[in-house]
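Okay, here's what each chain looks like letter by letter:
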Amino acid sequence: MVEITPITPADIESFHRTLDSVARERRYLSFSEAPPLESTRAFVLDMIAHGYPQLVARAGGEVVGWCDVTPKSGPIDARIGVLGMGLLPQFRRQGIGSRLMARALADARAFGFSRVELTVYRSNANAIRLYEKAGFVIKAVQPAEAPDDAIDKTVLIMALSLETAAGQRPC
Ligand SMILES: CC(C)(COP(=O)(O)OP(=O)(O)OC[C@H]1O[C@@H](n2cnc3c(N)ncnc32)[C@H](O)[C@@H]1OP(=O)(O)O)[C@@H](O)C(=O)NCCC(=O)NCCS
């Protein structure tokens, strides 16, 4: 059974292993390995301290996936969150990503983010389908920074307005 819960300090090493494993696939994320463990620890503790959404999928006591929403840098972007997520290969295509996304968006709305953005490679059909089902739309397309013959790394920038979804108006 896979449970979705907020991350805790005890999850950090397991989360770091999963992040590193997905990064090393070199197909989906913009980095090819996880940051050092201590940087990851500092990042997670900061997320927890601020109450930013960071969910993990846990199976057998291990973190097998994550979904987080970090604030976009810059004061003018204070209410915009940037979403990132991933699952170990054996846990994909079972609806776990959809569960992580639903919980992360609920938490992002409760936190007060007005909009959530993300980037995804054009080749990542499974992720794009999941994002479109959640209501994200493509806002911009950027050429790949380092073209790759095997994978289309054209970057799609997608966004979802939480205010519209919640029936609210910008102040
Ligand atoms: C992207 C990712 C998080 C999605 O999570 P997931 O658990 O695999 O997705 P789900 O099982 O919830 O399926 C989501 C949707 O993807 C689509 N999907 C599922 N299997 C698919 C397949 N084989 N091909 C294409 N689309 C597929 C379906 O539309 C599905 O929705 P539905 O079954 O409810 O109709 C996961 O695949 C993953 O970790 N990929 C590698 C890392 C990654 O890409 N991270 C995101 C970087 S932007």
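Up top is the structure.
Just so it is clear, the model here is predicted, and its values are computed rather than measured. The numbering scheme is per chain: residues are counted from 1 as the chain's sequence reads. Since the coordinates come from a predicted model, pLDDT governs what is reported: local features require at least 70, and pairs of side-chain atoms require 80 or more to be given and counted, while whole-chain, interface and lining totals use all residues. Water and hydrogen atoms play no part in the side-chain values, which are based on all heavy atoms of the structure.

J.: Lay out the packing of aromatic side chains with the relevant residues and their values.
T.: Pairing of aromatic rings covers Phe, Tyr and the six-membered ring of Trp, with a centre-to-centre limit of 6.5 Å; geometry is then stacked below 30 degrees between planes, edge-to-face above 60, and tilted otherwise. Evaluated as defined, the whole model comprises five aromatic pairs. On the basis of an interplanar angle of 65° and a centroid distance of 5.3 Å, the ring pair of Tyr52 and Phe111 is categorised as edge-to-face. Residue Tyr52 is located in the loop between helix H2 (37–50) and strand E2 (54–59), and its partner Phe111 is located in helix H3 (residues 96–111); the two are separated by 59 residues in the primary sequence. Residue Tyr52 is classed as buried on the basis of its relative accessible area, which comes to 17%. Considering the side-chain rings of Phe111 and Phe113, the 5.1 Å spacing of their centres and the 35° angle between planes classify their relative orientation as tilted. Among the aromatic side chains, those forming a connected cluster through ring pairs are Tyr52, Phe111 and Phe113. Only DSSP runs of H or I reaching four residues or more are called helices, and only runs of E reaching two or more are called strands; each is numbered from the N terminus. Buried means the residue's accessible area, taken with a 1.4 Å probe over protein chains only, is under 20% of the maximum for its type, while exposed means over 50%, and partly exposed covers the values in between.

J.: Hey, could you go over the pairing of strand E3 (residues 62–71) for me, with residue numbers and the actual values?
T.: Most of E3 sits inside the fold, with eight of its ten residues counted as buried. Relative to E3, E2 runs antiparallel, the two being bridged by six bridges. Bridging from a neighbouring strand, Ala57 pairs with Gly65 of E3. Two strands form a pair only when DSSP identifies at least two bridges running between them. The hairpin formed by E2 and E3 contains two residues between the paired strands, and Gly60 there has a positive phi angle of roughly 60°. Where E3 lies against strand E4 (residues 80–87), seven bridges are found, and the strand directions are antiparallel. Each residue of the ladder has a partner; that of Gly65, found in E4, is Leu87.

J.: How would you sum up the site of the ligand? Please name residues and give values.
T.: Working definition: residue near molecule or strand if any one of its non-hydrogen atoms lies within 4 Å of it. Taken together, 21 residues are adjacent to the ligand, and Leu87, Gly95, Ser98, Asn124 and Lys133 come closest. In protein, a polar contact means a hydrogen-donor-capable atom and an acceptor-capable atom, both N or O and within 3.5 Å, with residues adjacent in sequence counting only if both atoms are side-chain atoms; elsewhere, any N or O pair within 3.5 Å suffices. Measuring from an oxygen atom of the ligand, one finds a backbone N or O atom of Leu87 at 2.7 Å. One of the side-chain N or O atoms of Asn124 is found 2.7 Å from an oxygen atom in the ligand. What sets the accessible areas is the Shrake-Rupley method with a 1.4 Å probe; for residues, cover comes only from the shown protein chains. Computed on the free molecule, the ligand has an accessible area of 940 Å², of which 77% lies beneath the protein chains in the complex. Those elements giving two or more residues to the shell around the ligand turn out to be E4, H3, strand E5 (115–121) and helix H4 (125–134). Per-element tally for the shell around the ligand: the top contributor is H4, with six residues. Note on residue classes: Ala, Val, Leu, Ile, Met, Phe, Trp, Tyr, Cys and Pro are nonpolar, Asp, Glu, Lys and Arg are charged, and everything else, Gly too, is polar. Of the residues in the shell around the ligand, the class split is nine nonpolar, eight polar and four charged.

J.: Tell me about the pattern of salt bridges, and please be specific about residues and values.
T.: Side chains carrying opposite charge are able to pair once their charged atoms draw close together. Put simply, a salt bridge is a Lys or Arg side-chain nitrogen that is within 4 Å of an Asp or Glu carboxyl oxygen. Tallied over the full model, the rule gives 13 salt bridges. Arg24 is the salt-bridge partner of Glu33, the closest N and O atoms lying 3.5 Å from each other. A residue is classified by how much of its surface remains accessible, and Glu33, at 44% relative accessible area, is partly exposed. On the accessibility criterion, Arg24 (49% relative accessible area) is partly exposed. Arg115 is the partner of Glu117 in a salt bridge, and the nearest nitrogen-oxygen pair spans 2.8 Å. Since its relative accessible area comes to 11%, Glu117 is described here as buried. Overall, the relative accessible area of 28% leaves Arg115 in the partly exposed class.

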